[in-house]
Amino acid sequence: DTGVSQNPRHKITKRGQNVTFRCDPISEHNRLYWYRQTLGQGPEFLTYFQNEAQLEKSRLLSDRFSAERPKGSFSTLEIQRTEQGDSAMYLCASGLAMATLHFGNGTRLTVT
Amino acid sequence: AQKVTQAQTEISVVEKEDVTLDCVYETRDTTYYLFWYKQPPSGELVFLIRRNSFDEQNEISGRYSWNFQKSTSSFNFTITASQVVDSAVYFCALTWNRDDKIIFGKGTRLHILP
């Protein structure tokens, strides 16, 4: 059990560019979640997968955001045409059941 | 509506004092789960405890204890004999369906002063 791994740890990009983050969950976990956390706030739910199926997507997630989990293993979160308001920590979590989520260290995105 | 409220934004106590972090939740469902997570300065969210809505027994784990009261929709967290390493942001969270997402409160930043 190596834990949930997220890459990159930090990403600085210019407004208007596309970015992609990767999350590798704990191998036996079938559920994978993406959250966003801004300074001084709790994590906000974005979307989650059970295996490769995306079961729910938050209304917070604009059309510029897309997430995939091909083959039910790792997941990617892409943000197109980034805006300064997208600057945040993006957290990935995995679990066997909703009851206990294991979080990664996050990817901190800064849009300049 | 499902909601978690942590009214205490920031708390500072001197080491070895006891401290209680408050959490109030709202849910229409009769089946739900409550959680506490710790986020140290390193940033990773660390799971502390899960409690289901049918189990109101209080729980103690070392210096940590949790008080779940359905009558007041509260799930408070107490650290006894606090230590500097307890300094972190603590989040209370709720899910109302075992297959659904977890929602978090805004967190309480705890400073333990040496």
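Residues numbered from 1 in each chain as written. Chains lettered and ligands numbered in written order. Predicted model: local features only at pLDDT ≥ 70, side-chain atom pairs only at ≥ 80, totals over all residues. Heavy atoms only, no water.

Mind showing me how you'd approach the overall build of chain A here?
Regarding its fold elements, chain A presents 0 helices and 11 strands. Going residue by residue from the N terminus, the α and β elements of chain A occur as β-β-β-β-β-β-β-β-β-β-β. Its C-alpha atoms give chain A a radius of gyration of 13 Å, near enough to 13 Å, the size a compact globule of 112 residues would have. Seen through its principal axes, chain A has C-alpha atoms that stretch 35 × 25 × 20 Å. Per-residue burial over chain A gives 46% buried out of 112 residues. Counting contacts in chain A only where the partners sit at least 6 residues apart, residues at least 24 apart contribute 52% of the total. About 5500 Å² of surface is accessible on chain A, with carbon and sulfur atoms providing 44% of the total. Averaged over its 14 positive side-chain charges, chain A has a centre that lies 6 Å from the centre of its 11 negative ones. (Helix = DSSP H or I, 4+ residues; strand = E, 2+ residues; numbered from the N terminus. Rg over C-alpha atoms; globule rule 2.2 N^0.38 Å. Buried < 20%, exposed > 50% of the residue type's maximum accessible area, 1.4 Å probe, protein only. Contact = heavy atoms within 4.5 Å. Areas by Shrake-Rupley, 256 points an atom, 1.4 Å probe, with all protein chains shown as cover. Lys, Arg positive; Asp, Glu negative; His and termini not counted. Charge placed at Lys NZ, Arg CZ, Asp CG, Glu CD.)

Where do I start with the sheet that holds strand β8 (residues 75–79) of chain A in this structure?
Across a sheet, strands are paired by hydrogen bonds formed along the backbone, either parallel or antiparallel in direction. Residue and element names in this part refer to chain A. Read across the sheet, 4 strands follow the order β1-β3-β8-β7 without closing on themselves; strand pairing throughout is antiparallel. Looking at the sheet topology across the chains shown, the edges are occupied by β1 (5–7) and β7 (65–68). Across this sheet, the average inter-strand angle for adjacent strands is 15°, counted without regard to direction. Across 3 bridges, β1 lies against strand β3 (residues 19–24) in antiparallel orientation. (Pairing = 2+ DSSP bridges. Axes fitted to C-alpha atoms, helices over the stretch in contact; angles between N-to-C directions.)

In this structure, what is going on with the pattern of salt bridges? I would like to understand it.
Any two side chains of opposite charge can pair, on the condition that their charged atoms come close. Counted according to the given criterion, the structure contains 7 salt bridges over all chains. Its salt-bridge partner being E56 of chain A, residue K101 of chain B comes within 2.7 Å of it at the nearest N-O pair. Highlighted residues: K101 of chain B in the loop between β10 (88–95) and β11 (103–104) and E56 of chain A in strand β6 (residues 53–57), drawn from two different chains. R51 of chain B is the salt-bridge partner of E59 of chain B, the closest N and O atoms lying 2.7 Å from each other. Under the relative-accessibility criterion, E59 of chain B is labelled partly exposed at 31%. On the basis of relative accessibility, which here comes to 8%, the residue R51 of chain B falls in the buried class. Within the structure, one salt-bridge network assembled from shared partners comprises R64, E83 and D86 of chain A. (Salt bridge = Lys/Arg side-chain N within 4 Å of Asp/Glu carboxyl O.)

Even after reading the chapter, I still don't get the pairing of strand β6 (residues 46–52) of chain B, so can you show me in this structure?
Put simply, side chains in a regular strand alternate between the two faces of the sheet. Residue and element names in this part refer to chain B. As judged from the 6 bridges shared by strand β5 (residues 33–39) and β6, these two strands associate in the antiparallel manner. Looking at the pairing, Y37 lines up with F47 of β6. If you look at the hairpin formed by β5 and β6, you'll find 6 residues sitting between the two strands, and G43 has a positive phi there, around 100°.

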